[in-house]
Protein chains: 6
Amino acid sequence: MAKKMAILPLLFIFSVLASSSRALVQDFCVADLKSSDTPSGFPCKKAAFVTEKDFVYSGLGVAGNTSNIIKAAVTPAFTAQFPGVNGLGISLARLDLAIGGVIPFHTHPAGSEILVVIEGTICAGFISSANTVYFKTLNKGDIMVFPQGLLHFQINSGKSNALAFVSFSSPNPGLQILDFALFGNELPTDIVAKTTFLDIAQIKKLKGVLGGSG
Amino acid sequence: MAKKMAILPLLFIFSVLASSSRALVQDFCVADLKSSDTPSGFPCKKAAFVTEKDFVYSGLGVAGNTSNIIKAAVTPAFTAQFPGVNGLGISLARLDLAIGGVIPFHTHPAGSEILVVIEGTICAGFISSANTVYFKTLNKGDIMVFPQGLLHFQINSGKSNALAFVSFSSPNPGLQILDFALFGNELPTDIVAKTTFLDIAQIKKLKGVLGGSG
Amino acid sequence: MAKKMAILPLLFIFSVLASSSRALVQDFCVADLKSSDTPSGFPCKKAAFVTEKDFVYSGLGVAGNTSNIIKAAVTPAFTAQFPGVNGLGISLARLDLAIGGVIPFHTHPAGSEILVVIEGTICAGFISSANTVYFKTLNKGDIMVFPQGLLHFQINSGKSNALAFVSFSSPNPGLQILDFALFGNELPTDIVAKTTFLDIAQIKKLKGVLGGSG
Amino acid sequence: MAKKMAILPLLFIFSVLASSSRALVQDFCVADLKSSDTPSGFPCKKAAFVTEKDFVYSGLGVAGNTSNIIKAAVTPAFTAQFPGVNGLGISLARLDLAIGGVIPFHTHPAGSEILVVIEGTICAGFISSANTVYFKTLNKGDIMVFPQGLLHFQINSGKSNALAFVSFSSPNPGLQILDFALFGNELPTDIVAKTTFLDIAQIKKLKGVLGGSG
Amino acid sequence: MAKKMAILPLLFIFSVLASSSRALVQDFCVADLKSSDTPSGFPCKKAAFVTEKDFVYSGLGVAGNTSNIIKAAVTPAFTAQFPGVNGLGISLARLDLAIGGVIPFHTHPAGSEILVVIEGTICAGFISSANTVYFKTLNKGDIMVFPQGLLHFQINSGKSNALAFVSFSSPNPGLQILDFALFGNELPTDIVAKTTFLDIAQIKKLKGVLGGSG
Amino acid sequence: MAKKMAILPLLFIFSVLASSSRALVQDFCVADLKSSDTPSGFPCKKAAFVTEKDFVYSGLGVAGNTSNIIKAAVTPAFTAQFPGVNGLGISLARLDLAIGGVIPFHTHPAGSEILVVIEGTICAGFISSANTVYFKTLNKGDIMVFPQGLLHFQINSGKSNALAFVSFSSPNPGLQILDFALFGNELPTDIVAKTTFLDIAQIKKLKGVLGGSG
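Residues numbered from 1 in each chain as written. Chains lettered and ligands numbered in written order. Predicted model: local features only at pLDDT ≥ 70, side-chain atom pairs only at ≥ 80, totals over all residues. Heavy atoms only, no water.

A. Expanded view of the overall build of chain A. Within chain A, the regular secondary structure consists of 4 helices and 11 strands. Taken over 214 residues, chain A has a buried fraction of 64%. Counting only contacts in chain A whose residues sit at least 6 apart along the sequence, the fraction spanning at least 24 positions is 66%. As displayed, chain A offers around 7000 Å² of accessible surface, 60% of which is attributable to carbon and sulfur atoms. (Helix = DSSP H or I, 4+ residues; strand = E, 2+ residues; numbered from the N terminus. Buried < 20%, exposed > 50% of the residue type's maximum accessible area, 1.4 Å probe, protein only. Contact = heavy atoms within 4.5 Å. Areas by Shrake-Rupley, 256 points an atom, 1.4 Å probe, with all protein chains shown as cover.)

Structural data, given as structure tokens:
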């Protein structure tokens, strides 16, 4: 009986704590993608509408389509695909590399990356500001870290398909693919030539392949 | 006379500085709680409507109600109660512990804490990731720091009421009370058992006290 | 001929750029674990001694030993095991859960986490500051995010072994296992009782299992 | 022919990468100044409406008006004037100092500053928390750094006009001019006197010059 | 019997978790003040030598000496006095103001501040970058926040002693006292005059009081 | 006479404040380049040995040598050259572009950049993660911002020498020159080919020019 009376005040105090806490919770901030982004990420979906589904994403369970000439696919789970990571400083992507597949030179302007090889053999590397090359062949279970903003690549160097997951130190690390940046837009050929020392013919050839104009 | 003429240009230059400055001031960002939160905090109330009242809060001047079985109360001045701290990396709360009062094990996921004892005697402690226990009896005027995210507690270990103020390295440090998390919601009893090694009877007993179901 | 002469100055300018860059590079900061840690991480190994091996770790390629009563193992690649992640805001760990295996309730005080299921079926969940429970059964390829500092768990809910990789938004996220914190050290039984509301008998039983004293 | 067929899949893969990337880009966040500010800066202008003009500002190309008694002018390119810097951690301003011109003691609460002398001779200095004075005469091409939040000044100490550019480690460093803060608002004279030890007559004189009341 | 056997493996797994965790713990970083500071704070004392005493400080339990002409005293618990706060983003100080006591205009270049009045009545205020004055009389239990880097003051406006605690969003917020910066060092009088518009006589008078030369 | 007596206590209080402040000052952290770097920058030179010279750098006062085939020079004032910027979140560099000069495509992995044109005409641009090109011709006094980590370039598009200063949101922004990364090191030609789609002949030609092997 005494215990029963005790229960109410305890509930009371915990309720007070909980309700004040509830009002100001920002353990997480599931992105409301319809609002405007801010420098720290998207505004938060109202807590009342958040469910466990906001923290789970199934889009990486299926292999990306590698029927293309790089024989590879990147499937991201960044804020746009997986709003639950907004504001949490982390995201993930899936890499599929068919035999001979390559993820060409690229950078992530806003995040460092760790790759873990799930299947196959991958030759991966990056180049530092001091222009040193670090590359190594990775087998199943090996992991490699790529520091933020540096040019890096992954090549399937084995005889079977390769699968890897890559995580990033940002919910929105960005992705700048070198070839795409140089040859896949309307940057004029003469500017590309002046700023890369590549031959005009080489530039035009790759602009042709990658759909660039100018 | 010369002086009077000098005044106008001086006013002019300072006005220019002030108006440009005024337009872009973000010394502070009083929370507009009606807007959606973002990962960095709430959008700012328009500067024109900000007054000195936004930077002052009187809600901690009254003792919390300790008529409950923990014989203690936490009164927060986080962003939700005190919008002036939004974006400023700091907040405060008041702890009242009646004789025998206890703030049970809890964490603040998003901030470190400093406690200062104003009245009475408090036994306080925390446990590190390395599983070392650090606890000590604190007297009036003593301060103790609790690193971010670690389990900690406060117990009135004296013979009179105790009062303390706690400050946090975040305007919104969060608050996860262990008992409340384990026994005060709908997390199924078998999951609690599997993930804590507690006996089913113990879990059911505390779910009864704390209002948990499942 | 003119071209050959041109080469030398070009080398010259690039060398200048490279050498100045080389002197001040801090693209990365491989931990010198013999030095004292700082709030931002360990001092850096000298760049001249850094090789590709510093950025690759093979310790997650082997399953952890799950012959224990939780039937599970966590194998971390944090700064201590993988010094290449120091200062880069990211790390990784491997989770092995045998049939019936459980990673009991724990927190990471300094990082958010993403889990990707590689094999098997895992029931995973976390509890928010507002005391809401978010849990879900995850299948192969599913990912789930756990916000920083919140209590969470993983249970093998399938009929075969489960394997997952978890990445963190910190090179050193910390790990506080609830049972271990409450029952695996010298925190006196009466303090545990007061701060958790658990029965003395329950506490003593688990202290027995987990090696706690006091 | 084979090549032509290859092109389409390559375009396909790059398009996929590009479109996913496009959806979640936050390389930059040009301020939408009509929205409410947040602690991390203004919400972003929609990417579709961003052009190269958002990243270029011509307002610093013209000398500020130095026909005032400080014989100096500060022309800022902070977020309010140059929305392209929002969220990027940097901004710029132009300093013009006529002969005898002075930028009086001021602080930037939210950013460190580097000054580069373009024309003329400037005596610049700051005072540390330890109350040490650091000042030096700077000639054309010299640069000086002023740590965040400290009182500093610049004086044209040469016999011709001086021009400098100053950059800040924040898109919105703030600007608190000492004289303006003390004498250019409605802070009551007796409070100024108590908190500065200045004589009442001195305070009233400068309030007169700077337009302060109270 | 089975249970007894189970205990050992459980101990085993937890030991593994604990020892790996132990090796890489950085929940806290008690300052080793004999080492050189870094931009993120001091290197850490070795964990093996850390005790509960490192997290507790008793230096604020005694009133500061207010027998001076400002009739006030500031007693800090920053990193230098309380090494346990190093790296934790928070610190504390005690303010004693005798009747008529004043903490003159000052800034903290590296932290925001919250003040809580424990005894007496305090008139406190700050001035924004937009040159708006925010000041208010605070009674026992009232709290006020002062944004980072802005000029602020506290005056005992009651008829008895006043006591307050102030917390900061940095373990080392810095302290620049305006009068001390202007009149308490060797900054030449003519530079002070040019950069403040104060009269030479006023400057010399206060240099006399505050021990400045030049 | 009374005044003289008052002076001593005032000195006393200010001395106390000053000496405590002095002990814990970290307004700045001039790099001790002989110590090991950390993720937050270099350890600090002892305050007692810091002079005004540590905050001033004259190395940007002289034009860089543009007698090379890019007809351009970059002269940095990063931590290695100007230790005073360590920990302050900002740095500067000087760009000299002779007629026809070009700063080829490059990135700064760790900082955003603002360029201000001092002399001449510069065509500058960058490419976003979404592969949009933003470029514009800048005249004297124009400024342009380049977001962190993105490929960008500068070309002297006028008929006279051009001079610009560029500031960065980091004391150590890094510098990765695209051509140098691809063709100026020992990265094997076949890897360059696979990861860039450039022709082998083109790669070998530029490796020849830039000194690359492999």
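Still more to cover.
B. Up close: the sheet that holds strand 6 (residues 122-127) of chain F. Residues and elements named next belong to chain F. The sheet built from 5 strands is open, its strands ordered 7-6-9-4-11 with antiparallel pairing. With one partner strand each, in any of the chains shown, strand 7 (133-138) and strand 11 (176-177) form the two edges of the open sheet. For strand 4 (residues 102-107) and strand 11, the ladder comprises 2 bridges, and the chain directions are antiparallel. Residue pairing in the sheet places His-106 in a bridge with Ile-177 of strand 11. (Pairing = 2+ DSSP bridges.)

C. Region of interest: the sheet that holds strand 5 (residues 113-119) of chain E. The 6 strands lie next to each other as 1(B)-8(E)-5(E)-10(E)-3(E)-2(E), forming an open sheet whose pairing is antiparallel. For this open sheet the edge positions go to strand 1 (56-57) of chain B together with strand 2 (72-77) of chain E, each flanked by a neighbour on one side alone. Alignment of strand 1 of chain B against strand 8 (residues 143-146) of chain E, held across 2 bridges, turns out to be antiparallel. Looking across to strand 8 of chain E, one finds that Val-56 of chain B is bridged to Met-144 of chain E.

D. Just the UniProt feature "binding site: Mn(2+)" (unreviewed entry) in chain A, in detail. All names here are of chain A. The feature "binding site: Mn(2+)" (unreviewed entry), as annotated in UniProt, sits at His-106, His-108, Glu-113 and His-152 in this numbering. Judged by maximum C-alpha separation, these annotated positions cover 47 residues in sequence but sit close together in space, the widest gap being only 12.0 Å. If you trace the backbone, His-108 turns up in the loop between strand 4 (102-107) and strand 5 (113-119). Sequence-distant contacts of His-108, that is, excluding residues within four places in its chain, are made with Glu-113, Gln-148, Gly-149, His-152, Phe-168, Pro-173, Gly-174 and Leu-175. Its place among the elements puts Glu-113 in strand 5. The exposure class of Glu-113 is buried, given its relative accessible area of 2%. When neighbours within four sequence positions are excluded, Glu-113 is seen to be in contact with His-106, His-108, Met-144, Val-145, Phe-146, His-152, Gln-154, Val-166, Ser-167 and Phe-168. Side-chain polar atoms of Glu-113 contact the side chain of His-152, separated by 2.9 Å. (UniProt positions renumbered as here; feature names shortened; annotations may be inferred. Polar contact = N/O pair within 3.5 Å; in protein donor to acceptor, adjacent residues only side chain to side chain.)

E. Structural view of the relation of the copies chain A and chain C. Each copy superposes on the other: chain A lies on chain C with an RMSD of 0.0 Å after a rotation of 180° and an axial shift of 0.0 Å. Expressed as an axis order, the relation between the two copies is that of a two-fold axis. Among all residues of chain A, the one whose C-alpha sits closest to the rotation axis is Ser-169 of chain A, at a distance of 2.7 Å. Comparing interface residues between copies, 100% of those in chain A also sit at the interface in chain C, which points to an isologous, same-surface contact. (Least-squares fit on C-alpha atoms with pLDDT ≥ 70 in both.)

F. Region of the structure containing the pattern of salt bridges. Within this structure, the stated rule accounts for 24 salt bridges over all chains. Close ionic contact of Asp-199 of chain B with Lys-205 of chain C constitutes a salt bridge, the shortest N to O distance being 2.8 Å. Residue Asp-199 of chain B is located in the loop between helix 3 (189-196) and helix 4 (200-210), and its partner Lys-205 of chain C is located in helix 4 (residues 200-210); the two belong to separate chains. Judged by relative accessible area, which is 27%, Asp-199 of chain B ranks as partly exposed. For Lys-205 of chain C, a relative accessible area of 36% corresponds to the partly exposed category. (Salt bridge = Lys/Arg side-chain N within 4 Å of Asp/Glu carboxyl O.)

G. Region of interest: the domain arrangement of chain A. Domains assigned within chain A are domain 1 (62-174) and domain 2 (179-210). A separation of 25 Å is found between the C-alpha centroids of domain 1 of chain A and domain 2 of chain A. (Domains from an automatic or database assignment.)

H. Fine view of the interface of chain A and chain C. Counting from both sides, the interface comprises 51 residues of chain A and, opposite them, 52 residues of chain C. Counting each side, the surface lost to burial between chain A and chain C is near 4200 Å², with a carbon and sulfur contribution of 73%. Three residues stand out in chain A for area buried against chain C, namely Ile-90, Tyr-134 and Ile-143 of chain A, and they jointly supply 14% of the buried area on that side. Run the count over chain A and chain C and you get 0 salt bridges. Seen at the junction of chain A and chain C, the total is 11 residue pairs in polar contact (both at pLDDT 80 or more). Only helix 1 (2-24), strand 1 (56-57), strand 3 (91-97), strand 5, strand 7 (133-138), strand 8 (143-146) and strand 10 (162-168) of chain A provide two or more residues apiece to the side of chain A that touches chain C. Broken down by element, the residue count for the side of chain A that touches chain C peaks at 4 residues, all from strand 7 of chain A. For the side of chain A that touches chain C, the per-class residue count stands at 30 nonpolar, 14 polar and 7 charged. (Buried area = accessible area lost by both parts, 1.4 Å probe. Nonpolar A, V, L, I, M, F, W, Y, C, P; charged D, E, K, R; others polar.)

I. How the structure looks around helix 3 (residues 189-196) of chain C. All names here are of chain C. Buried residues dominate helix 3, accounting for 6 of its 8 residues. Of the residues making up helix 3, those classed as buried are Thr-189, Ile-191, Val-192, Ala-193, Thr-195 and Thr-196. Looking one or two residues beyond helix 3, the residue adopting positive phi is Phe-197, at roughly 70°.

J. Spotlight on the pairing of strand 6 (residues 122-127) of chain B. Residue and element names in this part refer to chain B. The element strand 6 is largely enclosed, with a buried count of 6 among its 6 residues. In strand 6, alternate side chains face the same way, and those of Ile-122, Ala-124 and Phe-126 on one face and Cys-123, Gly-125 and Ile-127 on the other are all buried. Counted between consecutive antiparallel strands, the loop separating strand 6 from strand 7 (residues 133-138) contains 5 residues, among which Asn-131 sits at a positive phi close to 65°. When strand 6 meets strand 9 (residues 152-156), the two strands line up antiparallel, connected through 5 bridges. The partner of Ala-124 across the bridge, within strand 9, is Gln-154.

K. How the structure looks around the packing of helix 3 (residues 189-196) of chain D against helix 4 (residues 200-210) of chain D. All names here are of chain D. Interhelical geometry of helix 3 versus helix 4 gives an angle of 125° and a closest axis separation of 10 Å. Relative to helix 4, the element helix 3 lies oblique. Judged by the twist between their axes, the crossing of helix 3 over helix 4 is right-handed. Here helix 3 contributes Thr-189, Val-192, Ala-193 and Thr-196 to the contact with helix 4, which in turn contributes Ile-200, Ile-203, Lys-204 and Lys-207. Looking at the contact of helix 3 with helix 4 residue by residue, the classes come out as 4 nonpolar, 2 polar and 2 charged. (Axes fitted to C-alpha atoms, helices over the stretch in contact; angles between N-to-C directions. Parallel < 35°, antiparallel > 145°, perpendicular 65-115°, else oblique. Left-handed = near helix turned anticlockwise from the far one by under 90°.)

L. Just the environment of Gly-149 of chain E, in detail. Note that Gly-149 of chain E resides in the loop between strand 8 and strand 9 (152-156). Spatially, the C-alpha atoms of Gly-149 of chain E and His-106 of chain E are 8.9 Å apart, while their sequence positions differ by 43 residues. Leave out the neighbours within four places in its chain, and Gly-149 of chain E touches Thr-107, Pro-109 and Gln-176 of chain D together with Thr-107, His-108 and Gly-111 of chain E.

M. Region of interest: the packing of aromatic side chains. The full count for this structure, using the stated rule, is 60 aromatic pairs over all chains. Ring centres 5.8 Å apart and planes at 90° place the aromatic pair Phe-28 of chain B and Tyr-134 of chain E in the edge-to-face group. Here Phe-28 of chain B, found in the loop between helix 1 (2-24) and strand 1, pairs with Tyr-134 of chain E, found in strand 7 (residues 133-138), and the two come from separate chains. Phe-28 of chain B gets classed as buried once you look at its relative accessible area, which sits at 9%. Residue Tyr-134 of chain E is classed as buried on the basis of its relative accessible area of 4%. Each ring, one from Tyr-57 of chain B and one from Phe-82 of chain B, has its centre 5.7 Å from the other, and the planes form 15°; the classification is stacked. Here Tyr-57 of chain B is found in strand 1, whereas its partner Phe-82 of chain B is found in the loop between strand 2 (72-77) and strand 3 (91-97), with 25 residues between them in sequence. Phe-82 of chain B sits in the buried class, given a relative accessible area of 1%. Ring pairs connect the aromatic residues Phe-28 and Phe-55 of chain A together with Phe-126, Tyr-134 and Phe-146 of chain C, which therefore count as one cluster. (Phe/Tyr/Trp six-rings, centres within 6.5 Å; stacked < 30°, edge-to-face > 60°.)

N. Up close: the environment of Gly-174 of chain E. Mapping Gly-174 of chain E onto the fold places it in the loop between strand 10 (162-168) and strand 11 (176-177). With 80 residues separating them in the primary sequence, Gly-174 of chain E and Arg-94 of chain E have C-alpha atoms 15 Å apart.

O. Inspection of helix 4 (residues 200-210) of chain E at higher detail. Residue and element names in this part refer to chain E. If you check which residues of helix 4 are buried, you get Gln-202, Ile-203, Leu-206, Lys-207, Val-209 and Leu-210. Seen along its axis, helix 4 keeps its buried residues to an arc of 160°; they face one direction. Every exposed residue of helix 4 that faces more than 90 degrees away from the buried side is listed here: Ala-201 and Lys-204. Once helix 4 finishes, Gly-211 follows within two positions and takes phi at roughly 85°, a positive value. (Arc of directions from axis to C-beta.)

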